[in-house]
Amino acid sequence: MNNKDVDIIGIPVFKKERNKAMNVVKSQCVLYMFYILKEKGQLTKEDILSELEINELAFWRYIQEIKAFIYNFNLPYELKYDRGNSLYSLLVK
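Residues numbered from 1 in each chain as written. Predicted model: local features only at pLDDT ≥ 70, side-chain atom pairs only at ≥ 80, totals over all residues. Heavy atoms only, no water.

Caption draft 1: Focus on the side chain of T44. Structurally, the position occupied by T44 is in strand β3 (residues 42–44). Here T44 falls in the buried class, since its relative accessible area comes to 16%. A polar contact is formed between the side chain of T44 and the side chain of D47, at a distance of 2.9 Å. Every residue in contact with T44, bar those within four places of it in the chain, is listed here: S86 and L87. (Helix = DSSP H or I, 4+ residues; strand = E, 2+ residues; numbered from the N terminus. Buried < 20%, exposed > 50% of the residue type's maximum accessible area, 1.4 Å probe, protein only. Polar contact = N/O pair within 3.5 Å; in protein donor to acceptor, adjacent residues only side chain to side chain. Contact = heavy atoms within 4.5 Å.)

Okay, here's the thing in structure tokens:
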């Protein structure tokens, strides 16, 4: 059974098999979240929580890791949160 498809713009969407946990580690989650931000420019907490099966605290910590990565390597990006739309956006400085 194929457990990986792509969305309408070609980004991989991982689908777990029925009754199987995805079993990803922290580094994979952070990398995947940064990848989605780079490709789509935005992500929602709800999408990531359901897709990666992580809790809210882990999600917040991973967002902080991405912010630290951007800051520590002086990357030309800024991660912003839009409360009105519950949306994280990766902006080019």
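Caption draft 2: Representation of the pattern of salt bridges within the structure. This model, assessed by the stated rule, comprises 3 salt bridges. As a salt-bridge pair, K26 and E65 come within 3.5 Å of each other at their nearest N and O atoms. Residue K26 is found in helix α1 (residues 26–40), and its partner E65 is found in helix α3 (residues 56–72); the two are separated by 39 residues along the sequence. What makes K26 partly exposed here is its relative accessible area of 43%. A salt bridge links E78 to K80; the shortest N-O distance between them is 3.1 Å. Assessed through its relative accessible area of 32%, E78 is described here as partly exposed. (Salt bridge = Lys/Arg side-chain N within 4 Å of Asp/Glu carboxyl O.)

Caption draft 3: The packing of aromatic side chains, seen in detail. This model, assessed by the stated rule, comprises 4 aromatic pairs. Their ring planes at 85 degrees and their centres at 5.5 Å tell us that F34 and F69 sit as a pair that is edge-to-face. Of this pair, F34 sits in helix α1 while F69 sits in helix α3, and the two are 35 residues apart along the sequence. Judged by centre distance (5.5 Å) and plane angle (65 degrees), the rings of F59 and Y88 are edge-to-face. On the criterion of sequence distance, the pair formed by F59 in helix α3 and Y88 in strand β5 (residues 87–92) is long-range, its members being 29 residues apart. Of the two residues, F59 and Y88, both sit in the buried class. One aromatic cluster in this structure is built from F34, F69 and F73. (Phe/Tyr/Trp six-rings, centres within 6.5 Å; stacked < 30°, edge-to-face > 60°.)

Taken by themselves, the reported measurements are silent on function.
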